[in-house]
Amino acid sequence: MADDFDQIALVVDWLDACRKRDLAALLDLYADDARLECQCGGGKVSEGRAELECYWRPRLDALAPTAFGLEEITPTAEGVVLDYLSHEGEPVRIAFTFSRDAKILRTACAPTGQALHQEVAGVADQVG
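Draft legend 1. Representation of the pairing of strand β6 (residues 104-111). Relative to β6, strand β1 (residues 30-38) is paired through 5 bridges, and the arrangement is parallel. Bridge pairing links Arg35 to Arg106 in β6. With 7 bridges connecting them, strand β5 (residues 91-98) and β6 associate as antiparallel partners. In the sheet register, Arg93 faces β6, and the bridge partner there is Ala110. From the end of β5 to the start of β6, which pair antiparallel, there are 5 residues, and Ala102 there has a positive phi angle of about 65°.

Draft legend 2. Up close: helix α3 (residues 48-61). Here α3 spans 20 Å end to end across 14 residues, near enough to the 20 Å set by a 1.5 Å rise per residue. Listed in full, the buried residues belonging to α3 are Gly48, Leu52, Tyr55, Trp56 and Leu60. Considering only its buried residues, α3 is in contact with α1 (7-19), α2 (23-28), β1, β2 (44-47) and β6.

Draft legend 3. Spatial organisation of unusual backbone geometry. Positive phi is not limited to glycine here, since Arg21 has a value of about 60°. Looking at the element boundaries, Arg21 is found in the loop between α1 and α2. Within the chain, Ala102 stands out as a residue other than glycine whose phi angle is a positive 65°. Following the sequence through the fold, Ala102 ends up in the loop between β5 and β6.

Draft legend 4. Focus on the pattern of salt bridges. Applying the stated rule across the entire model yields 6 salt bridges. The partner of Arg35 in a salt bridge is Glu47, with the nearest N and O atoms 2.9 Å apart. Here Arg35 is found in strand β1, whereas its partner Glu47 is found in strand β2, with 12 residues between them in sequence. Overall, the relative accessible area of 42% leaves Glu47 in the partly exposed class. In this structure, Arg57 and Glu53 form a salt bridge, with 2.3 Å as the shortest nitrogen-oxygen distance.

Draft legend 5. Focus on the pairing of strand β3 (residues 70-75). Relative to strand β4 (residues 80-85), β3 runs antiparallel, the two being bridged by 5 bridges. In the strand pairing of β4, Leu70 is matched with Tyr84.

Draft legend 6. Looking closely at the confidence of the model for the protein chain. Here the protein chain averages 87 in pLDDT, while 87% of its residues score no lower than 70. Ranking the helices and strands of the protein chain by mean pLDDT puts α2 first, with 97, and β2 last, with 92.

So, how was this worked out
Per chain, the residues get numbers from 1 upward, laid out in the order the sequence is written. With the structure being a predicted model, the display of local features is reserved for residues of pLDDT at least 70 and the display and counting of side-chain atom pairs for 80 or more, all residues being used for whole-chain, interface and lining totals. Based on all heavy atoms of the structure, the side-chain values leave hydrogens and waters out of the count. Think of it this way: DSSP has to see at least two bridges between two strands before they count as a pair. Numbered from the N terminus, helices here are DSSP runs of H or I no shorter than four residues, and strands are runs of E no shorter than two. Multiply 1.5 Å by the residue count of a helix minus one, and that product is the helix's expected span. Working definition: with a 1.4 Å probe on protein chains only, accessible area under 20% of the residue-type maximum means buried, over 50% means exposed, and in between means partly exposed. Two residues form a contact once any of their heavy atoms are found within 4.5 Å. Whenever Lys or Arg places a side-chain nitrogen within 4 Å of a carboxyl oxygen from Asp or Glu, that contact is recorded as a salt bridge. Per residue, pLDDT captures the predictor's confidence, and it can take any value from 0 to 100.

Okay, structure coming up:
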């Protein structure tokens, strides 16, 4: 893993893009082969830019007033774990891992309190 970029700053940029409903900026933060695993309201896996766009577009179009509020951000050996409020204003935990070129490679999210089921999430389940 390259140490020449600020992983927490990248996650803050992710939150900012979500809050601004800036889909293009959000997608630009992801690697071309990024994978998103969402366990909020059932399981969903999205891979690549087109699938990520299909995942994020409806969520950014219908934001609750408290959407994407920052609860806690924690660096881990694998990346960063973020506790935030979802597009619906519900508490969510998401684990990020990053590519060597400072892009989001993988995310796994679940409602806060529910175990994350991905390799990046091993430490995330122990955080907090």
